[in-house]
Every structure is written in structure tokens, then in C-alpha cells.
Amino acid sequence: MSGRRSSRSRQSGGSRNNNISDDQIADLVSKLQQLLPEIRNRRSDKVSASKVLQETCNYIKNLHREVDDLSDRLSQLLATTDMDSDQAAIIRSLLM
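Residues numbered from 1 in each chain as written. Predicted model: local features only at pLDDT ≥ 70, side-chain atom pairs only at ≥ 80, totals over all residues. Heavy atoms only, no water.

Where we set the bar: UniProt positions are given in the numbering used here, feature names are shortened, and annotations may be inferred rather than shown by experiment.
Named according to an unreviewed UniProt entry, the protein chain is Putative transcription factor bHLH family originating from Rosa chinensis. On record in UniProt, under Subcellular location (unreviewed entry), the comment for the protein chain is "Nucleus".

Next comes the structure, spelled out in C-alpha cells:
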């Protein structure tokens, strides 16, 4: 990774201060790893950065699917609920 990074930094001018160090990347990958249930629960501490990024993408896609599913279910529930009922008031309070 550092070989590709150093050649990229030379190509882009390399002297700019917005370059991120390998240590910072490793720290960010480690933080991501702690957020991902699939990786966090594994016994092995050694997971490649590419695997962490791949799992992060998968996790975000799954979260989007869950949000879409819950949104659909909520829409169906609201469509079949009397808007003046106690159940509708509970749903409104949860959404606010």
C-alpha cells in the first residue's frame, strides 16, 4: 500500500498537507473494524484493510435495505391505521 501511496503523492505534488499517513489509515481502518459486527466478532485481530472496506460497504448496503424495509412496513401500517387512533398517535410520537 505504501508503494502505491508514495507514487501517487509524487504524482500529485506530494508537498501538500492534505496527505494522510499510513498510520492514520491504519487507525481509521481499525476504527471501522470495531464498528462492523461481522468483523468485530471474529477471533482473529488481523484483517486486511480491503476486507474491512468491503465489509463496510456490505454493512452499509444492508442498513439501507433495512431502512427501506422498515419504511415500507411503516407506510403499510399507516395506510391501515385510523389516523385518530391511539396507535397512530404512538407511531407519530416515535417519528418525531
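Okay, back to it.
## Brief notes about the nonpolar core
Note that soluble globular proteins tend to have their nonpolar side chains buried in a common cluster. The condition is simple: In this text, buried Ala, Val, Leu, Ile, Met, Phe, Trp, Tyr and Cys residues form a nonpolar core when linked through side-chain atoms within 4.5 Å. Buried means the residue's accessible area, taken with a 1.4 Å probe over protein chains only, is under 20% of the maximum for its type, while exposed means over 50%, and partly exposed covers the values in between. Between two residues, a contact is recorded if the distance between any of their heavy atoms is within 4.5 Å.
In terms of nonpolar packing, the biggest core is built from six residues, these being Ile 25, Val 29, Leu 36, Ile 39, Val 47 and Val 52. With residues up to four places along the chain from it excluded, the contact list for Ile 39 reads Gln 33, Val 47, Lys 51, Val 52 and Glu 55.

## Concerning the pattern of salt bridges
Pairs can form between side chains of opposite charge whenever their charged atoms are close. Defined as follows: Any carboxyl oxygen of Asp or Glu within 4 Å of a side-chain nitrogen of Lys or Arg constitutes a salt bridge here. Secondary structure counts use DSSP, requiring at least four H or I residues in a row for a helix and at least two E residues in a row for a strand, with both numbered from the N terminus.
Summed over the entire model, instances satisfying the criterion amount to three salt bridges. For Glu 55, the salt bridge is made with Lys 51, and the minimal N-O distance between the two is 3.3 Å. Linking Glu 55 with Lys 51, this pair stays in helix α4 (residues 49-79), spanning four residues, or about one helical turn. Using a relative accessible area of 11% as the deciding quantity, one classes Glu 55 as buried. With its nearest N and O atoms 3.8 Å apart, the salt bridge here joins Asp 69 to Arg 73. A residue pair is termed a helical-turn pair when its members lie 3 or 4 positions apart in one helix, as Asp 69 and Arg 73 do in helix α4 at four residues.

## Describing the packing of helix α2 (residues 22-35) against α4
Packed helix pairs are characterised by how far apart their axes lie and by the angle those axes make with each other. To keep things clear, this is the line we draw: Note on geometry: axes are lines fitted to C-alpha atoms, helical ones only across the stretch in contact, with angles between N-to-C directions running from 0 to 180 degrees. In this scheme, roughly parallel covers angles under 35 degrees and roughly antiparallel covers those over 145, while 65 to 115 is roughly perpendicular and the rest are oblique. Left-handed describes a crossing in which the near helix is turned anticlockwise from the far one by less than a right angle; the clockwise case is right-handed. Ten residue types, Ala, Val, Leu, Ile, Met, Phe, Trp, Tyr, Cys and Pro, are classed as nonpolar, four, Asp, Glu, Lys and Arg, as charged, and the remainder, Gly among them, as polar.
Look at α2 against α4: their axes get within 10 Å of each other, and the N-to-C directions meet at 45 degrees. The orientation of α2 relative to α4 falls into the category oblique. Between α2 and α4 lies a crossing of left-handed hand. Together, Val 29, Leu 32, Gln 33 and Leu 35 of α2 and Ala 49, Val 52, Leu 53, Thr 56 and Tyr 59 of α4 make up the contact between the two elements. Each residue belonging to the contact of α2 with α4 can be placed in one class, and the counts come to seven nonpolar, two polar and no charged.

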